[in-house]
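Structural description and commentary
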Amino acid sequence: MSRAEDWLREAKEDLESAEILLKSGQYHHACFHAQQAAEKALKALLRSLHKVRIGHSVLDLLREVSKDVEVPEELWDMARTLDQYYIPPRYPNAFSSGAPSDYYTKRQAEEAIKYAQAVVSFVEGKIRAGSKESA
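The rules we used
Residues numbered from 1 in each chain as written. Predicted model: local features only at pLDDT ≥ 70, side-chain atom pairs only at ≥ 80, totals over all residues. Heavy atoms only, no water. Helix = DSSP H or I, 4+ residues; strand = E, 2+ residues; numbered from the N terminus. Rg over C-alpha atoms; globule rule 2.2 N^0.38 Å. Contact = heavy atoms within 4.5 Å. Lys, Arg positive; Asp, Glu negative; His and termini not counted. Charge placed at Lys NZ, Arg CZ, Asp CG, Glu CD. Axes fitted to C-alpha atoms, helices over the stretch in contact; angles between N-to-C directions. Parallel < 35°, antiparallel > 145°, perpendicular 65-115°, else oblique. Left-handed = near helix turned anticlockwise from the far one by under 90°. Phe/Tyr/Trp six-rings, centres within 6.5 Å; stacked < 30°, edge-to-face > 60°. Buried < 20%, exposed > 50% of the residue type's maximum accessible area, 1.4 Å probe, protein only. Lys NZ or Arg CZ within 6 Å of the ring centre and 35° of its normal. Nonpolar A, V, L, I, M, F, W, Y, C, P; charged D, E, K, R; others polar.

Points about the overall build of the protein chain
Helix and strand counts for the protein chain come out as five helices and zero strands. For 135 residues, the compact-globule formula gives about 14 Å, and the C-alpha radius of gyration of the protein chain, at 15 Å, lands near that figure. Principal-axis analysis of the C-alpha atoms places the extent of the protein chain at approximately 55 × 25 × 25 Å. Look at the contacts in the protein chain between residues 6 or more apart in sequence, and 60% of them connect residues 24 or more apart. Positive and negative charge centroids in the protein chain, built from 19 and 21 side chains respectively, lie 2 Å apart.

Right under this line is the structure:
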């Protein structure tokens, strides 16, 4: 199994975690895990392109990916939204008062998961296409 496949497998597990957290009403954690799924999926695609990129911004990773593959227009705004779920859902000091759980909604978690699913699907398609080309 390649490192790209390892990263993609981990992305899918984060996506599953986000869905579990959504069902349990932990919307802030669901948003964070959705962001993680997208981040790790894009790192998987970069690995499949023989690139390694550090950092956590989905938007930055997508920019790097776009140097080698065409990125659907809708993914850019999805990346911007998902990037908002990297730090604030995890730390109380991201807000002037209250805990992160006070600030996130079911709708946000559902949207974050939908966006992460779109990124993961995009990545899977590109990795599959790449493995067919090299076969």
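Quick notes on the packing of helix 2 (residues 27-48) against helix 3 (residues 58-65)
One can describe the packing of helix 2 onto helix 3 by two numbers: an axis separation of 9 Å at closest approach and a directional angle of 20°. Judged by the angle between their axes, helix 2 and helix 3 are roughly parallel. For the pair helix 2 and helix 3, the crossing hand works out as left-handed. Counting all contacts with helix 2, which are made through Q35, A38, E39, L42, K43, L45 and L46, the residues of helix 3 involved are V58, L61, L62, E64 and V65.

Remarks on the packing of aromatic side chains
Summed over all chains, the structure comprises four aromatic pairs. Summarising the aromatic geometry, the rings of F32 and Y86 are spaced 6.3 Å apart at their centres and angled 40° between planes, so their arrangement reads as tilted. One end of the pair, F32, is in helix 2; the other, Y86, is in the loop between helix 4 (73-83) and helix 5 (106-133), and 54 residues separate them in sequence. Neither F32 nor Y86 differs from the other in exposure class; each is buried. Measuring from centroid to centroid gives 6.2 Å for F95 and Y104, while their planes differ by 75°, and the two rings are edge-to-face. Exposure remark for F95: the relative accessible area of 22% places this residue in the partly exposed category. The ring of Y86 carries R90 above its face, with NZ or CZ at 4.7 Å from the centroid.

Examining the side chain of E124
For E124, the location among the structural elements is in helix 5. Accessibility expressed as a relative area gives 18% for E124, which makes it buried. Those residues in contact with E124 that sit more than four places away from it in its chain are L8 and K12.

Regarding the packing of helix 1 (residues 3-23) against helix 2
In the contact formed by helix 1 and helix 2, the axes pass within 8 Å of each other and the chain directions differ by 165°. In this view, helix 1 runs roughly antiparallel relative to helix 2, as classed from their interaxial angle. By crossing handedness, the relation of helix 1 to helix 2 is classed as left-handed. The class makeup of the residues in the contact of helix 1 with helix 2 is 14 nonpolar, five polar and six charged.

Note that every value here comes from positions in space, so none of it alone points to a role or purpose.
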